[in-house]
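# Observations on the model geometry
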Amino acid sequence: MKFSRSLLLGLALMTTGIFVGCSSAPKDTNVTLVDQESNAYKTLYQQNCAGCHGQNLEGRSGPNLQHIGKKLDVAGVTKQITNGGPGMPAFGDKLDQGQISELAAWIAKQK
Ligand code: HEC
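Residues numbered from 1 in each chain as written. Predicted model: local features only at pLDDT ≥ 70, side-chain atom pairs only at ≥ 80, totals over all residues.

### As for the overall build of the chain
Our working definition: The secondary structure listing takes helices from DSSP runs of H or I that are at least 4 residues long and strands from runs of E that are at least 2 residues long, numbered from the N terminus. Each residue is classified by how many other C-beta atoms fall within 10 Å of its C-beta atom, where C-beta atoms are placed from the backbone; a count of 20 or more means buried, 12 or fewer means exposed, and values in between mean partly exposed. Two residues qualify as being in contact provided that their C-beta atoms, derived from the backbone, are within 7 Å of each other.
Each helix and strand in the chain was counted, giving 5 helices and 0 strands. Reading the chain from its N end, one meets helices and strands in the order α-α-α-α-α. Here the chain, with 111 residues, has 17% of them falling under the buried criterion. Look at the contacts in the chain between residues 6 or more apart in sequence, and 59% of them connect residues 24 or more apart.

### A word on the site of the ligand
Inclusion rule: Contact assignment follows one rule, namely that a residue is near a molecule or strand if its backbone-placed C-beta atom lies within 6 Å of it. Classification used: nonpolar for Ala, Val, Leu, Ile, Met, Phe, Trp, Tyr, Cys and Pro, charged for Asp, Glu, Lys and Arg, polar for all others including Gly.
Around the ligand, the structure places 23 residues, and the nearest of them are Cys-49, Cys-52, Gly-62, Gly-85 and Gly-87. Taken together, the elements giving at least two residues each to the shell around the ligand come down to α3 (50-53), α4 (74-83) and α5 (97-108). Here the residues of the shell around the ligand sort into 14 nonpolar, 8 polar and 1 charged.

### As for the nonpolar core
Note the cut-off: Think of a nonpolar core as buried Ala, Val, Leu, Ile, Met, Phe, Trp, Tyr and Cys residues chained together by C-beta atoms that fall within 7 Å.
In this structure, Tyr-45, Val-77, Leu-103, Ala-104 and Ile-107 are the most contacted members of the largest nonpolar core, which totals 13 residues. Put simply, the parts of the chain that give this core at least two residues each are α2 (39-48), α4 and α5. When residues of this core are assigned to their parent elements, the largest contribution, 5 residues, is made by α5. Setting aside residues no more than four positions away along its own chain, Ile-107 makes contact with Leu-65, Ile-68 and Val-77.

### Observations regarding the environment of Asn-48
In this fold, Asn-48 is placed in helix α2. Taking the C-alpha atoms as reference points, Asn-48 and Phe-91, 43 residues apart in sequence, are found 8.8 Å from one another. Aside from chain neighbours lying at most four places away, what touches Asn-48 is Phe-91 and Leu-95.

### Focus: α4
Keep this limit in mind: Along the arc lie the directions from the helix axis toward the C-beta atoms.
Looking at α4, one finds that the buried residues are Val-77, Thr-78 and Ile-81. What you see down the axis of α4 is that its buried residues fit within an arc of 105 degrees, all on one side. Turned more than 90 degrees from where α4 packs its buried face, Ala-75 and Asn-83 sit exposed. Considering only its buried residues, α4 is in contact with α5. In the stretch just after α4, Gly-84 is the one whose phi turns positive, near 70 degrees.

In short, the description is geometric, and any link to function would need to be established separately.
So this is what it looks like as C-alpha cells:
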C-alpha cells in the first residue's frame, strides 16, 4: 500500500515534469490549440513556421494563426504553404506533399 502510493506520486511528479519541461513558451499558453500532440505541430510547424508565426501560433512577423481555420480551409492553407505570399516564403520545394498536407490539415483545424 505504502509502496504503490509513493509509486503513484512519483509517476504524477514525473508526468508534471515532462509537461513543464516541454512548454518552454511562457506567452499565450492559455490558448488551447487543437491536437497539440501531433507531429505536424511539434515537428513540422515548429521547424518551419514558428519563427514567423510564433510557437503557439500567436504571431510574430507573420500573422496570428490561432483561428485561421475559420478563414481558410485545408485547400487554402495548402495553397499558402505551397506558394507562400507577401513576406512568406514558399514551401512547395522545401516540404514534400505528405508533409504539406499533414501540416495544412492540422493548421486548418485551429478555429
Ligand atoms: C519568413 C516568415 C514566415 C514563415 C517562415 C512562414 N510564414 Fe506564414 N505568413 C508570413 C506572412 C508575413 C504572412 C502574411 C502575408 C501573406 O498572407 O502571405 C503569412 C501568412 C500565412 C497564412 C495566411 C494567414 C491569413 O490570415 O490568411 C498561413 C495559413 C500561413 N502563413 C501559414 C504558414 C505555415 C504553415 C508556415 C510553415 C510551413 C509558415 N506560414 C511560414 C510569414 C511567414
